[in-house]
Amino acid sequence: MSTLKQPTPDELDALSERPWTKAELLAARPLPLAKRLRMRLTLTQEEFAARYGIPLGTLRDWEQGRTEPDATAKAYLKVIAAEPDAVAGALAGKTAA
């Protein structure tokens, strides 16, 4: 069985201009939860970290795959995913009306 190598940045640029093959899709690594969530909320790393009280270096490590969130952090990210405005409001000291 052969293994597929991860594409280089230049190869990724070329891939973005055409549909991916099934083999390329299977070889691609999924984006980490923190990065998917931050991108869905259309926030920069700095904005996301500040809004949700996560150290910027920690967020960067999670997004780059250098470290993974522990169970507590994963649960926190899931709560942010479900109720991003409520979490931000609670951390800012705002209460629901």
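Residues numbered from 1 in each chain as written. Predicted model: local features only at pLDDT ≥ 70, side-chain atom pairs only at ≥ 80, totals over all residues. Heavy atoms only, no water.

F48, Y52, L77 and I80 are the most contacted members of the largest nonpolar core, which has 15 residues in total. Of all the elements in the fold, those that place two or more residues in this core are α3 (33–40), α4 (45–52), α5 (56–64), α6 (71–82) and α7 (84–91). Look past the residues within four positions of Y52 in its chain and what remains in contact with it is L41, L43, Y76, I80, P84, V87, A88 and L91. (Core = buried A, V, L, I, M, F, W, Y, C linked by side-chain atoms within 4.5 Å. Buried < 20%, exposed > 50% of the residue type's maximum accessible area, 1.4 Å probe, protein only. Helix = DSSP H or I, 4+ residues; strand = E, 2+ residues; numbered from the N terminus. Contact = heavy atoms within 4.5 Å.)

Moving on, we get to unusual backbone geometry. Positive phi, close to 50°, is recorded for T42, a residue that is not glycine. Position of T42 relative to the elements: it lies in the loop between α3 and α4.

Turning to the environment of P32, a few remarks are in order. Structurally, P32 can be placed in the loop between α2 (22–27) and α3. A sequence separation of 36 residues divides P32 from E68, and the C-alpha atoms of the two residues are 8.5 Å apart. When residues no more than four places from it in sequence are discounted, the contact partners of P32 are W62 and E63.

For the rest of this paragraph, the subject is the side chain of Q45. Examined against the element boundaries, Q45 turns out to sit in helix α4. Not counting residues up to four positions away in its chain, the partners in contact with Q45 are R38, L56, L59, R60 and E63.

Let's shift gears to the pattern of salt bridges. According to the stated counting rule, one finds five salt bridges in the structure shown. Of the charged contacts, one joins R38 and E63 as a salt bridge, the two residues approaching to 2.6 Å between their closest N and O atoms. Separated by 25 residues along the polypeptide, R38 in helix α3 and E63 in helix α5 bring together distant segments of the chain. E63 carries the same exposure label as R38, and that label is buried. (Salt bridge = Lys/Arg side-chain N within 4 Å of Asp/Glu carboxyl O.)

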